[in-house]
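Summary of the model geometry
One letter stands for each residue in the lines below.
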Amino acid sequence: MKVLLLNGSPHKNGCTYTALNEVAKSLNLEAIETEIFYVGTDPITPCKDCRACSQIGKCVINDKVNEFLEKAETSDGFVFGSPVHYASASGIIVPFLDRVFYADALSGKQRFRLKPGATVISARRAGTTATLDQINICLYRKCLLLLLGIGIWFMDGCPKM
Ligand SMILES: Cc1cc2nc3c(=O)[nH]c(=O)nc-3n(C[C@H](O)[C@H](O)[C@H](O)COP(=O)(O)O)c2cc1C
């Protein structure tokens, strides 16, 4: 069993990483394999809504999004991590997750379906609740689109909609 943890901070080994690493250590104690996926500092192009993913099964822009989608296929659970940047998620994680979930939804590959997921937010002062909602909204959207869900969000969000 493997859990993929996404570090959506520009800092490879910063506070978001440190929090994700604590989660990973706890999972490892339960003999669950973990991998922390660093989103990096290169710009992530926003989703163009070209819908090529429905034909090719992945995003037409071949960058870290496709690397993540490939790893997601063989992962059994997910933790999404982001720092708070001015009361919202980091500028890089938003287009990253838009493209991950849109490509997954339109390709019909169901890499996340019924797999458990959680979110970790790191901040100095305020904006954590807004950021948590922002990251989780990506997952609600997926629920609405496919009428399927992913773990916690499916159980929490979809039945109410
Ligand atoms: C551009 C920018 C904006 C930030 N805005 C906020 C904010 O609105 N609220 C807050 O509490 N912290 C804010 N911070 C601080 C980071 O959220 C905090 O230091 C976080 O732990 C950094 O995590 P990291 O080391 O993984 O990047 C901001 C940091 C940056 C770089």
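Whatever comes next refers back to the structure up there.
Residues numbered from 1 in each chain as written. Predicted model: local features only at pLDDT ≥ 70, side-chain atom pairs only at ≥ 80, totals over all residues.

Here we take up the environment of Asp76. With respect to the secondary-structure elements, Asp76 resides in the loop between α3 (64-73) and β3 (77-83). Separated by 44 residues in sequence, Asp76 and Ile32 have C-alpha atoms that sit 9.7 Å apart. Ignoring anything within four residues of it in the chain, the contact list for Asp76 reads Met1, Lys2, Val3 and Lys115. (Helix = DSSP H or I, 4+ residues; strand = E, 2+ residues; numbered from the N terminus. Contact = placed C-beta atoms within 7 Å.)

Another point: the nonpolar core. Membership of the largest hydrophobic core comes to 33 residues, with the highest contact counts inside it found for Leu6, Val65, Val79, Ile93, Phe96, Val100 and Ala103. Contributing elements (two or more residues each) for this core: β1 (2-7), α1 (15-29), α3, β3, α4 (93-107) and β4 (117-122). For this core, the element with the most residues is α4, which contributes nine residues. Look past the residues within four positions of Ile93 in its chain and what remains in contact with it is Gly8, Val39 and Ser82. (Core = buried A, V, L, I, M, F, W, Y, C linked by C-beta atoms within 7 Å. Buried ≥ 20, exposed ≤ 12 C-beta atoms within 10 Å, placed from the backbone.)

Moving on, we get to the packing of α3 against α4. The contact between α3 and α4 brings their axes to 10 Å, and the two run at 50°. It follows that α3 is oblique to α4 by the angle criterion. Between α3 and α4 lies a crossing of right-handed hand. Counted together, Val65, Phe68 and Leu69 of α3 and Phe96, Arg99, Val100, Ala103 and Asp104 of α4 form the full contact between these two elements. Here the contact of α3 with α4 is composed, by residue class, of six nonpolar, no polar and two charged. (Axes fitted to C-alpha atoms, helices over the stretch in contact; angles between N-to-C directions. Parallel < 35°, antiparallel > 145°, perpendicular 65-115°, else oblique. Left-handed = near helix turned anticlockwise from the far one by under 90°. Nonpolar A, V, L, I, M, F, W, Y, C, P; charged D, E, K, R; others polar.)

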